[in-house]
Amino acid sequence: MKRVAIVVGTRPEAIKLASVTSALRESAELDVRVLATAQHRDLLDQALAEMGLVADVDLDLMTPAQNLSNFAGRCLGALGDIFAAEAPDYVIGQGDTTTALAAAQAAHHARIPFGHVEAGLRSGRRDTPFPEEMNRRLISLLADHHFCPTPAARANLLREGVSVEAIYVTGNTIIDTLRNVVPRCTVAKRAAPSILVTVHRSENVAALPTIVGAVYALLDLYPTLRVRWPIHPNPRLGGAIRDALDAHPRVDLTDSLSHGAFVEAMRDARLILTDSGGVQEEAPALGTPVLVLRTETERPEGIAAGVARLVGTDPRTILPAAIELIEDDAAHRRMANGASPYGDGQAGARIAAVVRAYLADRPARFDPAGPVLQDWGGVTAG
Ligand code: UDP
């Protein structure tokens, strides 16, 4: 029996590897092991539980004062030991975290093939977002199979010289998870407009006062507007957000929400202000416009489809865009048009098919160029 190790460290990795894990587990001939580094302990545990996943091995590596290099070092060492003990035949990692990079490198050291889920995203700036852009570029050098969410991601890898036979356009696995979650959502759309805000990128710690200023200005302009802001546990963010907004009667500051509750909040909102990658992928499928609190994105498909806009962190760009979406129904409809450029809900099954075929030493029945579709179709709101 062949063994596949799936390595997860943070919330988005658990959310985005759930469908890959379950699709691989449909094969009786595979022993699929979930290895948790626990890079972000609480958020990972919450997401794993919600995805119905249990870590087969929990390395429990998070420490209170962890910094990138000491976490990366401990993670590489621990994964090297576990790969030696468990001898997987294939390792899968997701995205651009320090966990994913350590998994790719430890697999390389052990000469185990590595499959990279969500391969080929590029912001075009090596240090932004930090450290994610460099992590994913390095993972692309290490990976044997590159599972790209979109044709544009594939084009990025081809430009960098990755072999065409190693690239598979699968769609983003986050849409697989969303399709499972949406039918369980119960909240009806609210009549009063609400804005959902999330901020967690290190680049935006310094910009928090201007983002908060823009949110305050919107609350002043619209006396019935409500703001929902689930706070990421990053200690450099929470205190400042609470100090600035906690007392406001129309601002609902919460701890991070469960994925199900967060999907309901996304669907419920008139618009979303965010610097999250996953939210840029999910919100268009739910028909909610996204204003991205960054000046560049490695997810240009949403911008091209007209369902997301880059507004940076300056109130002078955030406010006109938000005001238009609140006041102008036609403009809102144009951005809420349901185009979902990131996947069709079948990505996990496609990735599992490639990995199964590879381990059985037979060719994958899969057109490596993938579907040429840019719009994979929206997720039906339940
Ligand atoms: N998310 C969640 N609860 C929250 C905020 C976000 O479950 O309170 C989910 C969101 O739906 C998406 C994922 O977390 O699936 C995105 O993760 P995050 O923004 O932490 O990281 P990024 O996608 O930017 O790497």
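Conventions and cut-offs
- Residues numbered from 1 in each chain as written.
- Predicted model: local features only at pLDDT ≥ 70, side-chain atom pairs only at ≥ 80, totals over all residues.
- Heavy atoms only, no water.
- Pairing = 2+ DSSP bridges.
- Helix = DSSP H or I, 4+ residues; strand = E, 2+ residues; numbered from the N terminus.
- Axes fitted to C-alpha atoms, helices over the stretch in contact; angles between N-to-C directions.
- Contact = heavy atoms within 4.5 Å.
- Phe/Tyr/Trp six-rings, centres within 6.5 Å; stacked < 30°, edge-to-face > 60°.
- Buried < 20%, exposed > 50% of the residue type's maximum accessible area, 1.4 Å probe, protein only.
- Right-handed = clockwise from strand over helix to strand, strands pointing away.
- Near = heavy atom within 4 Å.
- Polar contact = N/O pair within 3.5 Å; in protein donor to acceptor, adjacent residues only side chain to side chain.
- Areas by Shrake-Rupley, 256 points an atom, 1.4 Å probe, with all protein chains shown as cover.
- Nonpolar A, V, L, I, M, F, W, Y, C, P; charged D, E, K, R; others polar.
- pLDDT = per-residue confidence, 0-100.
- Expected span 1.5 Å × (residues − 1).
- 1 Å grid on protein atoms, 1.4 Å probe; cavity = no way out; pocket = protein on both sides within 12 Å on 5 of 7 lines; lining within 4 Å.
- Points joined across faces, edges and corners; volume = space filled by probe spheres on them.
- Parallel < 35°, antiparallel > 145°, perpendicular 65-115°, else oblique.
- Left-handed = near helix turned anticlockwise from the far one by under 90°.

> Let's hear about the sheet that holds strand E9 (residues 226-231): which residues, and what values?
Judged by pairing direction, the sheet is parallel, and its six strands sit side by side in the order E10-E9-E8-E11-E12-E13 without closing on themselves. The outermost strands of the open sheet, each flanked by one partner alone, are strand E10 (251-255) and strand E13 (308-310). Strand-to-strand twist of the sheet, defined as the mean angle between neighbouring strand axes without regard to direction, takes the value 20°. Strands strand E8 (194-198), E9 and strand E11 (271-274) of the sheet are contacted by helix H10 (residues 259-268), whose axis makes an angle of about 130° with E8.

> Would you mind going over the packing of aromatic side chains in detail, with residue names and values included?
Counted according to the given criterion, the structure contains two aromatic pairs. Taking 5.8 Å as the distance between ring centres and 65° as the angle between the ring planes, the aromatic pair formed by Tyr-90 and Tyr-358 counts as edge-to-face. Residue Tyr-90 is located in strand E4 (residues 90-94), and its partner Tyr-358 is located in helix H15 (residues 347-359); the two are separated by 268 residues in the primary sequence. For the pair Phe-147 and Tyr-168, a centre-to-centre distance of 5.8 Å together with 35° between the ring planes defines the contact as tilted. Taken together, the residues span a long stretch of sequence, with Phe-147 in strand E6 (residues 145-148) and Tyr-168 in strand E7 (residues 167-169) at a distance of 21 residues. Taking the relative accessible area as the measure of exposure, Phe-147 reaches 1% and is therefore buried.

> I'd like a description of the pairing of strand E1 (residues 2-8), backed by residues and values.
If a strand is regular, its side chains alternate between the two faces of the sheet. A large share of E1 lies buried, amounting to five of its seven residues. Following the backbone out of E1, through helix H1 (residues 11-25) and into the adjacent parallel strand E2 (residues 30-36), one traces a crossover that is right-handed. Bridge count between E1 and E4: three bridges; the pairing is parallel. By the bridge assignment, Val-4 is partnered in E4 with Tyr-90.

> Go over the site of the ligand, please, and point to the residues and values.
Taken together, 17 residues are adjacent to the ligand, and Leu-257, Ser-276, Gly-277, Gly-278 and Glu-282 come closest. Contacts to the ligand include Arg-11, whose side-chain N or O atom sits 2.9 Å from an oxygen atom. In the complex, the protein chains occlude 93% of the 530 Å² of accessible area that the ligand would expose alone. Breaking the shell around the ligand down by element, the ones donating at least two residues are H1, H10 and helix H11 (277-286). Looking at the shell around the ligand residue by residue, the classes come out as seven nonpolar, seven polar and three charged.

> Lay out the environment of Arg-3 with the relevant residues and their values.
On the secondary structure map, Arg-3 appears in strand E1. Looking at Arg-3, the relative accessible area reads 24%, which means it is partly exposed. Those residues in contact with Arg-3 that lie beyond four places of it in its chain are Asp-31, Arg-33, Glu-86, Pro-88, Asp-89 and Tyr-90.

> Before we move on, can you summarise the confidence of the model for the protein with the specific residues and values?
Interpretation of the predicted coordinates at a detailed level should be avoided for regions scoring low in pLDDT. Of the residues in the protein, 94% reach a pLDDT of 70 or more, and the chain-wide mean stands at 92. Overall, residues 371-375 carries pLDDT values under 50, and its contacts beyond four positions in sequence, including any with other chains, amount to nine contacts. In this model residues 377-382 is a low-confidence stretch, pLDDT under 50, and it forms 19 contacts with partners more than four residues away in sequence or in other chains.

> Residue-level account of helix H4 (residues 98-109), with values.
Across its 12 residues, H4 extends 16 Å between first and last C-alpha, which sits within 8% of the 16 Å expected from 1.5 Å per residue. Of all 12 residues that make up H4, nine are buried, and the element is covered over most of its length. Regarding H4, the residues found buried are Thr-98, Thr-99, Ala-100, Leu-101, Ala-102, Ala-103, Ala-104, Ala-106 and Ala-107. Buried residues along H4 sit against E1, H1, helix H3 (68-86), E4, strand E5 (114-117) and helix H5 (132-142). Of the residues one or two after H4, Arg-111 is the one with positive phi, at around 60°.

> Which residues make up the side chain of Thr-150, and what values do they have?
One can find Thr-150 in the loop between E6 and helix H6 (151-159). Setting aside anything within four residues of it in sequence, one finds Thr-150 in contact with Val-169, Glu-301, Pro-341 and Tyr-342.

> Any chance you could break down empty space enclosed by the protein for me, citing the residues and the numbers?
The full count for this structure, using the stated rule, is two cavities of 30 Å³ or more. Taken as a whole, the second largest cavity holds about 40 Å³ of empty space. Lining the second largest cavity are Val-117, Glu-118, Phe-147, Cys-148, Pro-149, Thr-170, Gly-171, Asn-172, Thr-173 and Ile-351. In terms of residue class, the lining of the second largest cavity is built from five nonpolar, four polar and one charged.

> Please set out the packing of H4 against H5 residue by residue, giving values where relevant.
Contact geometry of H4 with H5 gives a least axis separation of 9 Å together with a crossing angle of 20°. Between H4 and H5, the angle falls in the class roughly parallel. For H4 against H5, the interelement crossing comes out left-handed. Where H4 abuts H5, its residues Thr-98, Ala-100, Leu-101, Ala-104, Gln-105 and His-108 lie against Asn-135, Leu-138, Ile-139 and Leu-142. Residue classes in the contact of H4 with H5 are distributed as six nonpolar, four polar and no charged.

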